[in-house]
Amino acid sequence: MSKLNVTDAVYQFLQPSVSNITSLGKLYSALPRIASEADLFTNTYPGLGYGATIFMFITSQTEQRIALGGPVSGRKFRTYDLGLLMVFKSDMATITEGLGQGTPEEAAQAAFDTFVDSLLDYIESNNTAGNPSVV
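Residues numbered from 1 in each chain as written. Predicted model: local features only at pLDDT ≥ 70, side-chain atom pairs only at ≥ 80, totals over all residues. Heavy atoms only, no water.

Chemist: What exactly am I supposed to notice about the overall build of the protein chain here?
Modeler: Along its length, the protein chain carries three helices and three strands. The N-to-C order of helical and strand elements in the protein chain reads α-α-β-β-β-α. As displayed, the protein chain offers around 8,500 Å² of accessible surface, 53% of which is attributable to carbon and sulfur atoms. (Helix = DSSP H or I, 4+ residues; strand = E, 2+ residues; numbered from the N terminus. Areas by Shrake-Rupley, 256 points an atom, 1.4 Å probe, with all protein chains shown as cover.)

Next up, the structure:
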């Protein structure tokens, strides 16, 4: 599959409206010139004080030919490496319920860890990004 098709499949799979990844406000399929800080908090509860945005991009690709019946018949296998630039912001002035004990910084770190765990759980839930004909 083409790089464009793979990028689009993963982009559709990770959309906040579909994935319900904790604290994910906005997903971009490329690095934008200007991003709105409001995007961080799009899918979070008002007053929560933290949120995330992800910028995704293919960092590299490799190709390999696999022979399936002789030297002239086979298929090409492409591996794409996906990079995720995650921006997480916290405006917490106080510790938020359920995020552990300690300083607001420690609570913000716990919120970030919860976001990353949620993202990884969702990615690992479907190894074809919901599109087995592409990924």
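Chemist: What should I look at first to understand unusual backbone geometry in this one?
Modeler: Note on backbone geometry: most residues besides glycine have negative phi, and most peptide bonds are trans. The phi torsion at S23 lies on the positive side, around 70°, for a residue other than glycine. A positive phi angle, near 55°, is found at A129, a position not held by glycine.

Chemist: I would appreciate a short explanation of the packing of aromatic side chains in the present structure.
Modeler: The relative placement of two aromatic rings is captured by the distance of their centres and the angle of their planes. Tallied over the entire structure, the rule returns six aromatic pairs. When the ring centre of Y28 is taken as reference, the NZ or CZ atom of K26 above it lies at 5.4 Å. (Phe/Tyr/Trp six-rings, centres within 6.5 Å; stacked < 30°, edge-to-face > 60°. Lys NZ or Arg CZ within 6 Å of the ring centre and 35° of its normal.)

Chemist: Quick question: what am I supposed to make of the nonpolar core here?
Modeler: Soluble globular proteins tend to pack their nonpolar side chains together in the buried interior. V10, L14, I21, L27, I54, F88 and F115 are the most contacted members of the largest nonpolar core, which totals 23 residues. Looking at this core, the elements that each hand over two or more residues are α1 (3-14), β1 (24-28), β2 (50-67), β3 (74-90) and α3 (104-124). With six residues, α1 is the largest single contributor of residues to this core. Among residues more than four places away in sequence, those in contact with V10 are M56, L82, A129 and V135. (Core = buried A, V, L, I, M, F, W, Y, C linked by side-chain atoms within 4.5 Å. Buried < 20%, exposed > 50% of the residue type's maximum accessible area, 1.4 Å probe, protein only. Contact = heavy atoms within 4.5 Å.)

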